[in-house]
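Observations on chain architecture
What follows is the residue order along each chain.
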Amino acid sequence: NKKLNESTLSNISSHSPNYCASKIQATYRGYRERKFTKLLNQWVQSGPDNERDDRKNVSATIKSLHKSHHYSLYIKSKNISTLPNVFDQLTHLVEAHITKTNIQQLPDSFFKIANLEYLGLAENKLTHLPKKIEQLKKLSWLCLEDNMLTALPKNELTNLSNLRDLRCSKNIILDIDCHLLEKYKGISFRENLAEIFYSKQKYNFNLVPKLSMEKLDEANNFIISNKKSSIIDYLERKALGLPNDNITILHTLIQRELKNRKLKTQ
């Protein structure tokens, strides 16, 4: 390594080969740690003011993990929308749990954690799962519950040969590939739109787009205020056939239709 200067090499060259190798490795780890710390500090300083405190806390967590070689990472209940793009430094990380944050996507370096086996990403704001997920070859457990996912990368997830447990309940995934269903038979679809599509009962989702904007707004407002109205009763029982405990799914459908219409008028 270029960072190993001549004096360092001359000091250790008189010892046994094993000693020499360990010293060179330790010196290289020190260099990597300094580089890692520098990148983290840059990330902290570049953050917006309203995130700075939480960014410092997350940085300290990752920094201490790197120094102590304790290879499990937990980041929970942080009001952050981004993560530092320096996870490629944590090559020996085997378990990571990042929950209850406002992050919408993972940095590219996250998919270079070659030894990652357990990944928990519940209760965030993830809108999609990158195809780079297939780079995590050792991944055996993946939890994506309670996010804003609308789809899953079917080929990439199917290709993860070590993945045994995939959880994606409480999302708004409209369709799930049959190959994923076959491989992960125990996959959790609870409170997920895909669960409706694969259930025995048929629902008439096409009626939602046919409602007027006035009726959609009325339904949306009544659901938010937890009040019942004739339109909610109509949508739940008569039109869509939704059971009472699926009000969350109905609300998601209504909000999505409202959003689509507003986008078309812009």
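You'll find the structure just up there.
Residues numbered from 1 in each chain as written. Predicted model: local features only at pLDDT ≥ 70, side-chain atom pairs only at ≥ 80, totals over all residues. Heavy atoms only, no water.

What follows deals with the packing of aromatic side chains. Under the criterion given, the structure shown has two aromatic pairs. Geometrically, the ring pair formed by Phe110 and Phe111 is edge-to-face, given 6.2 Å between the ring centres and 75° between the ring planes. Neither Phe110 nor Phe111 differs from the other in exposure class; each is buried. One aromatic cluster is present, built from ring pairs that chain together Phe87, Phe110 and Phe111. (Phe/Tyr/Trp six-rings, centres within 6.5 Å; stacked < 30°, edge-to-face > 60°. Buried < 20%, exposed > 50% of the residue type's maximum accessible area, 1.4 Å probe, protein only.)

Our next topic: the pattern of salt bridges. Tallied over the full model, the rule gives three salt bridges. Between Glu51 and Arg55 there is a salt bridge; the shortest N-O distance is 3.3 Å. Of the two residues examined, Glu51 and Arg55, each falls in the buried class. Put simply, Lys132 and Asp108 hold a salt bridge, and the shortest N to O gap is 3.2 Å. One end of the pair, Lys132, is in the loop between β3 (118-120) and β4 (141-143); the other, Asp108, is in the loop between β2 (95-99) and β3, with 24 residues separating them in the sequence. Overall, the relative accessible area of 33% leaves Lys132 in the partly exposed class. (Salt bridge = Lys/Arg side-chain N within 4 Å of Asp/Glu carboxyl O. Helix = DSSP H or I, 4+ residues; strand = E, 2+ residues; numbered from the N terminus.)

Turning next to the nonpolar core. One finds Phe110 and Leu157 to be the most contacted residues of the largest nonpolar core, which totals 42 residues. Of all the secondary structure elements, the ones that give two or more residues to this core are α2 (17-45), α3 (52-68), β1 (72-76) and β2. The element that contributes the greatest number of residues to this core is α2, accounting for four residues. For Leu157, the contacting residues outside a window of four places in its chain are Leu129, Ile133, Leu142, Leu152, Leu163, Leu166, Leu180, Lys183 and Tyr184. By size, the runner-up hydrophobic cluster in this structure holds five residues, among which are Leu211, Leu216, Ala219 and Leu258. (Core = buried A, V, L, I, M, F, W, Y, C linked by side-chain atoms within 4.5 Å. Contact = heavy atoms within 4.5 Å.)

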